[in-house]
Amino acid sequence: MPKIVDHEARRREIADALWRITRRDGWEAITLRGVAAEAGVSMGLVQHYFRSKDEMLRFALEIIVDDVRAELRRVVAALPEPRTPRQLVTAVMMELVPRDRPNEAETAAVFMRRLQLRPESLARLGAGQPDLRELLAEQIRLARPDTDADLAADGLIALLEGLIFVVVTGQQSSATARKVMAAQLDHVFN
């Protein structure tokens, strides 16, 4: 009887090895051979699942995107009903600002590093951003029909991306970044 292999689980194990290397040795240390050694598998097995380093990185980033989306769904589901547009937007935006917890800053750094990937990788990873923009604009429109909701949503996303950068690079603490986001949310909703 042939051995049954969970290919998705195997790909995730390889991606987990990639993250361990990133946290321990930095982004530049990632190689297919190094990831294979870290995962305890052969180079051939890594190459079976990923033809290139870029493909492996893209998959690892997609896992992060999926995990972030799942966490956002949990955060939103935990809000009391009925929830206001401001509560929803605040919960989502504050969840996306990096915290000073292990691995979160590295995760945010990966999003910043995605710009070094090929354009098609960036397009696939950025596919969730229109969803965020639409959610923000819709909620702002509900709360403040007198406001340019699209412009306000774009401003919140730009601020978020800037806050991710300054927290990841150590220029600002997570607490300060959260205060900045809270002040902007006050501005948008008041």
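Keep in mind it's a predicted model, so treat the numbers as computed, not measured. (Residues numbered from 1 in each chain as written. Predicted model: local features only at pLDDT ≥ 70, side-chain atom pairs only at ≥ 80, totals over all residues. Heavy atoms only, no water.)

Look at helix H4 (residues 53–77) against helix H5 (residues 85–96): their axes get within 10 Å of each other, and the N-to-C directions meet at 145°. Crossing hand, H4 versus H5: right-handed. Of the residues in H5, those in contact with Val 68, Glu 71, Leu 72, Val 75 and Val 76 of H4 are Leu 88, Ala 91, Val 92, Glu 95 and Leu 96. Among the residues making up the contact of H4 with H5, the classes are represented as eight nonpolar, no polar and two charged. (Axes fitted to C-alpha atoms, helices over the stretch in contact; angles between N-to-C directions. Helix = DSSP H or I, 4+ residues; strand = E, 2+ residues; numbered from the N terminus. Left-handed = near helix turned anticlockwise from the far one by under 90°. Contact = heavy atoms within 4.5 Å. Nonpolar A, V, L, I, M, F, W, Y, C, P; charged D, E, K, R; others polar.)

Quick look at the confidence of the model for the chain now. In regions of low pLDDT, the predicted coordinates are not meant to be interpreted in detail. In this model, the chain carries a mean pLDDT of 82, and residues with pLDDT of at least 70 account for 81%. No element of the chain has a lower mean pLDDT than helix H6 (residues 104–113), at 51, and none a higher one than helix H10 (residues 174–189), at 96. (pLDDT = per-residue confidence, 0-100.)

Taking 1.5 Å of rise per residue, the 19 residues of helix H1 (residues 7–25) would be expected to cover 27 Å, and the 27 Å separating its terminal C-alpha atoms lies within 8% of that figure. For H1, the complete set of buried residues consists of Ile 14, Ala 15, Ala 17, Leu 18, Trp 19, Ile 21 and Thr 22. The N-capping residue of H1, defined by a side-chain oxygen 3.3 Å from the backbone nitrogen of Glu 8, is Asp 6. Positive phi shows up at Gly 26, right after H1, with a value of about 95°. (Expected span 1.5 Å × (residues − 1). Buried < 20%, exposed > 50% of the residue type's maximum accessible area, 1.4 Å probe, protein only. Polar contact = N/O pair within 3.5 Å; in protein donor to acceptor, adjacent residues only side chain to side chain.)

Among the secondary structure elements, Glu 55 is positioned in helix H4. Beyond its immediate sequence surroundings of up to four residues, Glu 55 is in contact with Tyr 49 and Phe 50.

Below, the discussion takes up the packing of H1 against H4. Viewed as axis vectors pointing N to C, H1 and H4 meet at an angle of 95°, and their least axial separation amounts to 9 Å. Taken together, the axis directions place H1 and H4 in an arrangement best described as roughly perpendicular. Residues Glu 8, Arg 11, Arg 12, Ile 14, Ala 15, Leu 18 and Trp 19 of H1 lie in contact with H4, whose contacting residues are Met 56, Leu 57, Phe 59, Ala 60, Leu 61, Ile 63, Ile 64 and Asp 67. The residue inventory of the contact of H1 with H4, partitioned by class, reads eleven nonpolar, no polar and four charged. (Parallel < 35°, antiparallel > 145°, perpendicular 65-115°, else oblique.)

Tallied over the full model, the rule gives one aromatic pair. Measuring from ring centre to ring centre gives 5.5 Å for Phe 50 and Phe 59, while their planes differ by 45°; the resulting arrangement is tilted. Of the residues examined, Phe 50 reaches a relative accessible area of 0% and is grouped as buried. Sitting over the ring of Phe 59, Arg 11 keeps its end group 4.2 Å from the ring centre. (Phe/Tyr/Trp six-rings, centres within 6.5 Å; stacked < 30°, edge-to-face > 60°. Lys NZ or Arg CZ within 6 Å of the ring centre and 35° of its normal.)

Among the nonpolar cores identified, the biggest contains 30 residues, and Met 93, Leu 136, Leu 156 and Met 181 are the most heavily contacted of them. For this core, the secondary-structure elements that each account for two or more residues are H4, H5, helix H8 (129–143), helix H9 (149–168) and H10. Considering each element in turn, this core owes the most residues, ten residues, to H9. Ignoring anything within four residues of it in the chain, the contact list for Met 93 reads Leu 132, Leu 136, Leu 156, Ile 157, Leu 160 and Met 181. One finds Leu 18, Ile 30, Val 35 and Leu 57 within the second-largest nonpolar core, a separate group that totals 21 residues. (Core = buried A, V, L, I, M, F, W, Y, C linked by side-chain atoms within 4.5 Å.)

Our next topic: unusual backbone geometry. Residue Glu 81 is joined to Pro 82 through a cis peptide bond whose omega torsion reads -10°. For Pro 82, the position within the fold is in the loop between H4 and H5.

Let us look at the side chain of Arg 178. Here Arg 178 lies in helix H10. Discounting residues that sit within four places of it in the chain, Arg 178 has contacts with Met 94, Val 97, Pro 98 and Arg 99.

So, on to H5. Relative to the 16 Å expected for twelve residues at 1.5 Å per residue, H5 spans 17 Å between its end C-alpha atoms, a close match to the ideal helical length. Taken residue by residue, H5 has Pro 85, Leu 88, Val 89, Ala 91, Val 92, Met 93, Met 94 and Glu 95 as its buried positions.

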